[in-house]
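Summary of the model geometry
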Amino acid sequence: MYGGSQSPRTLSRRAVLGSAAAGLAATSGCMQRMRTLAGNKEASAVSLSIKTRPADEDPGAMRIARELESWFDTAGVDTTVQPVTAAELYRQTLLSHEFDAFVGRYPYRQTTADSLYSLVHSSFAAERGWQNPFGFADLEVDELLTAQRRQSGDRRAETLASLQEQLANVCPFLVIGTPDSIRAANTTRFSGWTGAFGESPLRLLTLGRVDPAATTLRLVTTDSRVTRNLNPLMAPFRRRGRITSLVYDSLARQYHRGVVPLAGVDWEWDTTGRGGAVLRVTLRDDLQWHDGEALTAADVAFTYRMLADTSLGAFEQAVPPTRYRGRASVVTEATVVDERTVELACPDCSRAVAERALTVPLLAEHVWRERANEADIGGVGIGAATTEALVTDAIPPVGSGPLQFDTASDRESLRLTVFDDHFSTAMDPADSVAASTLDPPFDAVEIGFVGSDATAVELVESGDADATAVGVGSDLVRSIGRADDLTLLLDQSGSFYFLGFNVRSAPLSNSRFRNLLSHLVDRQHLVDTVFDGYATPAVSPLSGTGLVPETVQWVPGGTVTPFLGSNGELDTGQVRSAFREAGYRYDSGTLLQS
Amino acid sequence: MNVVSVFSEVAVVVSLLLTVGAVTVVGPDRIRAELPVLRTRLRQNARPLLLLVAVLAVNSVVRDVGVGLSWLIGSNITKTIYAVEGAFVASLQSLAPAWLTLYLGFVYIYGYVFLLVFPLVLTLLLGTTRYLRETAFAYAVNYGIGLLCYILFVAYGPRNFAPDMVEPLLFDTIPRFQLVTAQVNANTNVFPSLHTSLSVTVALMAYRLRAEYPRWLPVATFLAGSVILSTMVLGIHWATDVVFGVLLGAISVYVATRPRFHSEGDPP
């Protein structure tokens, strides 16, 4: 097309094209160099932010975080601690996954072997809530978790041993230890405090009355969340669920490593069916919700549907709740047989694992069905990818437990009254089926909020409250012991402190790095300095369950991940060579990663 | 012991302090002379007094709502403050003997309330409305800027951030005061220290009033100094909060005493 033309203009155009081509060639060479160079970024300093609750809310957590900060700093990791209030901390970590690491406590009163399933199984990594908040995925761990659900006896013990060892090595979270819960109780109005805040929340209802005029049990708490939200499905607002479990009954409850009946009077384990094992649960007669409606098998079936997907299938993608997922995931289908019988299909697990599914809170269908709708703000839809069930404060709550809601005042108090129509209080004491017949020595329970644990203890001492509802700092043990009318309550808690890692991004995506961090933590030192000895160091999340193999039991001076130093002091030389071996570099004391 | 009883205790103690203060600073003769015209004085000063009431009302509402809002839009600067000043408060605390801590504990509550209320009494008794207006306006500026900062910044005090070094001394020594402070403020509102800024405001205003009330200046200065020290020794505020508190106090007095804020015909 250009061939016949000899005009200077065309020539010039050729020249331009030619030089452009040359330029392009040069640029592409340059581009290649640039791209290669870009791959060789300069090494950057390793930094880490640890979020946790402020000392007013949890003195233990904050002090653990500060000790960790100093150890990690010594190792050259630029570490900062960020105090965040409970509801916000758990929103940021469990829901938004905006964190590097956080110091928290296991959110249930007891750990069982199968607790680990929802905590670290990769199938939960994309969900929001207490189920795998770390974003952890390890094929070996997944396999072991699935296997233990079906196994029993020695085989299961072996699987669990391998599982705990693997977790201690790859460290999606680092167990620190289980604290003793320290509480103060005043003995002038009520008696029988020992164990009142123990494993079973129901024990609180079996106190003795000393002062005949005492009709209200007055508790003080340093955690205001319970005064403004009573939704059992909302992780950011739940502590370990003691109060909500008194409001919301379950079919059964975990007790002494076993499961005892509550609203479900009996159940049978049927493995004869074609679809796999079924748990056939029979409900007690005349169960009632707090609003007077009857609690039937339909409510139970509804509960398991809600716990699988709070949108009940209406959303394109399931919207699971932020608690109870592990237990609920055992049940693949819930079928109403008759008014009082419900069948829970648990095809892939043993009877022991399946029975744990009975301990979830029961939800009233007539209250929660409309909460399956999309969450809105003031009646205006905002296209939220979540349901009302995961947003509502559920005040007033409609449960079927022994205590029912009376009043609540934000950041001030919550008042519950004894539910006279609860089976345990209404039941004929001669009824042999009753697990325990309750006759609470009060008509109401009041929980008041105060800003610090020292003030809480002072209120109990002065007789303005009967007991602290939550544990207080170990520095108060002596003043509780000294006071005349006070009794010191020490309860072994099944809820361990841990440092959780967000393994979704560097540097914590590297399991070698996490493993090295675990060598920087002196658990005994933490127990001595932070808890004054009122805690038990632990390596495995299952410590205290009797399922921990020798290899991951905590022993003074040595564990699977021994402390690189002694008496809380790191040996800098040892630490640096460990990190260098793992491919890290140091520049004047700062840890660098390429 | 409950919130009401602690509040009444504070009211009783502060009334006592006000009486003693009035007798010594103003003098019995002057009080006797002023009593008949008190009604007129109150009427003359109705506007600044109403402004104060309004500011306090807004303050209590905003502080309630503000905490949630603050978590939503504010930035958490606790670790930045700590990076800047480190263990300053801890060292200060370790220097304070027990009797000083106890004194500062009472100053933090009683002394502070007295320090804020007494200038209103003093300026009310003056023939001019000018000083009461200045004081009320300066208080309002303190609260206004302070609240804005509380929404923009989330910060926990030393006792909450570094329990390993800093003791929560106020609540350890006088636990019942926690019931009062919890009603008034949230523990994320520490930057800047309003205790400091308002104390500085009062001390600076006392300087302006030195001709009228020569005895008030040394008392106000000493109390203001004690309050400022107490905020740190008790583990409630960082030195950073105090520095910005001093700045805020000075700015508020500067703004409140500008001539443009005085209507024409004011006596000089």
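Residues numbered from 1 in each chain as written. Chains lettered and ligands numbered in written order. Predicted model: local features only at pLDDT ≥ 70, side-chain atom pairs only at ≥ 80, totals over all residues. Heavy atoms only, no water.

- Labelled according to an unreviewed UniProt entry, chain B appears under the name Phosphoesterase PA-phosphatase related protein, originating from Haloarcula vallismortis ATCC 29715.

- Labelled according to an unreviewed UniProt entry, chain A appears under the name Peptide/nickel transport system substrate-binding protein, originating from Haloarcula vallismortis.

**Section: the UniProt feature "domain: Phosphatidic acid phosphatase type 2/haloperoxidase" (unreviewed entry) in chain B**
- When the UniProt feature table is mapped onto this chain, "domain: Phosphatidic acid phosphatase type 2/haloperoxidase" (unreviewed entry) is found at residues 135-257 of chain B.
- With 70% helix and 2% strand, residues 135-257 of chain B has its two end C-alpha atoms placed 9 Å apart. (UniProt positions renumbered as here; feature names shortened; annotations may be inferred. Helix = DSSP H or I, 4+ residues; strand = E, 2+ residues; numbered from the N terminus.)

**Here we look at unusual backbone geometry**
- Cis geometry marks the peptide bond from Ala 506 of chain A to Pro 507 of chain A, where omega comes out at 0 degrees.
- Relative to the helices and strands, Pro 507 of chain A is located in the loop between strand S22 (497-501) and helix H15 (511-518).
- Omega for the bond connecting Phe 191 of chain B with Pro 192 of chain B falls within 30 degrees of zero, at -5 degrees, which places this linkage in the cis form.
- The residue Pro 192 of chain B is located in the loop between helix H11 (177-184) and helix H12 (194-208) in this model.
- Not every positive phi belongs to a glycine, and Leu 312 of chain A is a case in point at roughly 55 degrees.

**Some words on the environment of Ser 245 of chain A**
Residue and element names in this part refer to chain A.
- With respect to the helices and strands, Ser 245 occurs in helix H7 (residues 242-247).
- Classification of Ser 245 as partly exposed rests on a relative accessible area of 25%.
- Taking the C-alpha atoms as reference, Ser 245 lies 9.1 Å from Gly 399; in sequence the two are 154 residues apart.
- Not counting the four nearest positions on each side in its chain, Ser 245 is found in contact with Arg 109 and Pro 201.
- Within the local environment of Ser 245, its side chain forms a polar contact with the backbone oxygen of Arg 242, the two atoms lying 2.9 Å apart. (Buried < 20%, exposed > 50% of the residue type's maximum accessible area, 1.4 Å probe, protein only. Contact = heavy atoms within 4.5 Å. Polar contact = N/O pair within 3.5 Å; in protein donor to acceptor, adjacent residues only side chain to side chain.)

**Here's the deal with the packing of helix H6 (residues 88-95) of chain B against helix H13 (residues 216-233) of chain B**
All names here are of chain B.
- Contact pair H6 / H13: the axes reach a minimum separation of 8 Å and the direction vectors enclose 110 degrees. By the angle class used here, H6 and H13 are roughly perpendicular. Residues Phe 88, Val 89, Leu 92 and Gln 93 of H6 form the contact with H13, whose own contacting residues are Leu 229, Met 232 and Val 233.
- For the contact of H6 with H13, the class distribution of residues is six nonpolar, one polar and no charged. (Axes fitted to C-alpha atoms, helices over the stretch in contact; angles between N-to-C directions. Parallel < 35°, antiparallel > 145°, perpendicular 65-115°, else oblique. Nonpolar A, V, L, I, M, F, W, Y, C, P; charged D, E, K, R; others polar.)

**Structural notes on the UniProt feature "transmembrane region" (unreviewed entry) in chain B**
Residues and elements named next belong to chain B.
- When the UniProt feature table is mapped onto this chain, "transmembrane region" (unreviewed entry) is found at residues 6-28, 49-73, 102-125, 137-156 and 242-261.
- The span residues 49-73 shows a helical share of 100% and a strand share of 0%, and its end C-alpha atoms are spaced 33 Å apart.
- The span residues 137-156 shows a helical share of 80% and a strand share of 10%, and its end C-alpha atoms are spaced 28 Å apart.

**Examining the packing of helix H8 (residues 130-152) of chain B against helix H14 (residues 239-256) of chain B**
All names here are of chain B.
- Contact geometry of H8 with H14 gives a least axis separation of 8 Å together with a crossing angle of 135 degrees. It follows from the interaxial angle that H8 and H14 lie oblique. Crossing geometry of H8 relative to H14 is assigned as right-handed. Contacts between H8 and H14 involve Glu 134, Phe 137, Ala 138, Val 141, Asn 142, Ile 145 and Gly 146 from the former and Leu 248, Gly 249, Ser 252, Val 253, Val 255 and Ala 256 from the latter.
- A breakdown of the residues in the contact of H8 with H14 according to their chemical character gives eight nonpolar, four polar and one charged. (Left-handed = near helix turned anticlockwise from the far one by under 90°.)

**Describing the interface of chain A and chain B**
- Listed by partner, the interface residues are 26 residues for chain A and 22 residues for chain B.
- Summed over both partners, the interface of chain A with chain B comes to about 2200 Å²; 52% of that surface belongs to carbon and sulfur atoms.
- Of all residues in chain A, Asp 56, Arg 66 and Pro 83 of chain A give up the largest surface area on contact with chain B, accounting jointly for 26% of the area buried on that side.
- Across the chain A-chain B interface, the total number found is two salt bridges.
- In this structure, the salt-bridge partner of Arg 66 of chain A is Asp 164 of chain B, at a minimum N-O distance of 2.9 Å. (Buried area = accessible area lost by both parts, 1.4 Å probe. Salt bridge = Lys/Arg side-chain N within 4 Å of Asp/Glu carboxyl O.)

**A closer look at the pattern of salt bridges**
Residue and element names in this part refer to chain A.
- All told, the structure shown has 26 salt bridges over all chains when counted by the stated rule.
- Of the charged contacts in the structure, one is a salt bridge between Glu 88 and Arg 91, with a shortest N-O distance of 2.9 Å. Taken together, the positions of Glu 88 and Arg 91, both in helix H3 (residues 86-95) and three residues apart, correspond to about one turn of that helix.
- Measuring nitrogen to oxygen at the nearest pair gives 3.1 Å for the salt bridge that ties Arg 415 to Glu 446. Placement of the pair is Arg 415 in strand S18 (residues 413-418) and Glu 446 in strand S19 (residues 444-449), with a sequence separation of 31 residues.
- Classification of Glu 446 as partly exposed rests on a relative accessible area of 31%.
- Among the charged side chains, a salt-bridge network with shared partners connects Arg 53, Glu 57, Asp 223, Arg 225 and Arg 239.

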